[in-house]
Protein chains: 2
Amino acid sequence: MSAEVEEMLKRFQNVKNIIGIVVADYDGIPIKTTLENVQSVHLACHMHLLTEKARQVILDLDATNEFVSMRMRTSYFEIILMPSDNYFIVVLQNPSD
Amino acid sequence: MSAEVEEMLKRFQNVKNIIGIVVADYDGIPIKTTLENVQSVHLACHMHLLTEKARQVILDLDATNEFVSMRMRTSYFEIILMPSDNYFIVVLQNPSD
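As the structure is a computational prediction, the values presented were derived from the model and not from experiment.

Draft legend 1. View of the interface of chain A and chain B. On the side of chain B, 28 residues touch chain A, which itself brings 28 residues to the contact. Here chain A meets chain B over a buried area of about 2400 Å², counting both sides, of which 67% is carbon and sulfur. The largest per-residue losses of area from chain A upon contact with chain B belong to A:His46, A:Leu61 and A:Tyr76, which jointly make up 21% of the total buried on that side. Between chain A and chain B we count 0 salt bridges in total.

Structure follows, in structure tokens:
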């Protein structure tokens with residue numbers, strides 16, 4: 001577990017303008033986070049639902065295709081969502097100019 | 001209607017590696033497309049569901065925040081999803097290197 005999580009975190013260590021990072025399992029439970037607890041739980045739970053939906057949509061469109069990652073822009077920040085085998089990482093980032 | 005759709009299409013006219021573009025309304029009905037009919041209908045319908053889910057998730061996390069756009073990477077291509085007032089545009093793009 002630890003190596004997989006560390007690997008995921010390493011990918012983002014040089015990324016700029018990061019507001020927060022949450023690593024969660026596929027029950028939507030945060031494993032590692034830089035945000036407050038309540039926010040981490042909310043984010044993990046909601047992003048878990050969205051990951052499942054995205055996976056399903058991609059698969060429905062083409063059963064041989066696979067969901068890799070997602071970047072969402074919102075009014076306040078960007079959300080990067082990247083699933084791995086047992087965990088997924090959610091990164092909140094201030095949008096670059 | 002037409003002006004809004006044209007405005008959406010204009011944003012992508014200089015984007016490289018585009019496989020296809022579908023503009024659809026919020027009933028998931030394609031209004032304008034460069035793909036085959038069946039594929040357009042499938043894509044519009046599924047991306048409509050995903051847009052609604054994304055909107056809801058962003059709103060649930062913070063009622064003052066708003067979903068702006070989404071970029072999904074899949075094994076085969078990238079999907080860009082950008083909602084407007086009455087329509088949303090879905091762009092399939094070969095990933096850049």
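Draft legend 2. Fine view of the relation of the copies chain A and chain B. It takes a turn of 180 degrees to lay chain A on chain B, together with a shift of 0.0 Å along the axis; the resulting RMSD is 0.0 Å. Interpreted geometrically, this transformation is the action of a two-fold axis. Minimal C-alpha separation from the rotation axis in chain A is found for A:Arg71, amounting to 2.6 Å. When the interface residues of chain A are mapped onto chain B, 100% of them are again interface residues, pointing to one common binding face.

Draft legend 3. Examining the UniProt feature "domain: Roadblock/LAMTOR2" (unreviewed entry) in chain A more closely. The residues that UniProt annotates with the feature "domain: Roadblock/LAMTOR2" (unreviewed entry) are residues 5–93 of chain A. Taken end to end, residues 5–93 of chain A is 36% helix and 37% strand, and its first and last C-alpha atoms sit 19 Å apart.

Draft legend 4. Structural view of the pairing of strand β1 (residues 18–25) of chain A. Residue and element names in this part refer to chain A. Burial runs high along β1: 6 of the 8 residues are buried. Where β1 and strand β5 (residues 87–93) come together, 7 bridges link them in antiparallel fashion. Its bridge partner being in β5, Ala24 is matched across the sheet by Phe88. Pairing geometry for β1 and strand β2 (residues 30–33), over 3 bridges, is antiparallel. In the strand pairing of β2, Val23 is matched with Lys32.

Draft legend 5. Quick peek at helix α2 (residues 37–61) of chain B. With 25 residues, α2(B) extends 36 Å between its outermost C-alpha atoms, agreeing within 8% with the 36 Å of an ideal straight helix rising 1.5 Å per residue. Within the sequence span of α2(B), burial applies to B:Ser40, B:Leu43, B:Ala44, B:His46, B:Met47, B:His48, B:Leu50, B:Thr51, B:Ala54, B:Val57 and B:Ile58.

Reading guide: rules and limits
- Residues numbered from 1 in each chain as written.
- Chains lettered and ligands numbered in written order.
- Predicted model: local features only at pLDDT ≥ 70, side-chain atom pairs only at ≥ 80, totals over all residues.
- Heavy atoms only, no water.
- Contact = heavy atoms within 4.5 Å.
- Buried area = accessible area lost by both parts, 1.4 Å probe.
- Salt bridge = Lys/Arg side-chain N within 4 Å of Asp/Glu carboxyl O.
- Least-squares fit on C-alpha atoms with pLDDT ≥ 70 in both.
- UniProt positions renumbered as here; feature names shortened; annotations may be inferred.
- Helix = DSSP H or I, 4+ residues; strand = E, 2+ residues; numbered from the N terminus.
- Buried < 20%, exposed > 50% of the residue type's maximum accessible area, 1.4 Å probe, protein only.
- Pairing = 2+ DSSP bridges.
- Expected span 1.5 Å × (residues − 1).

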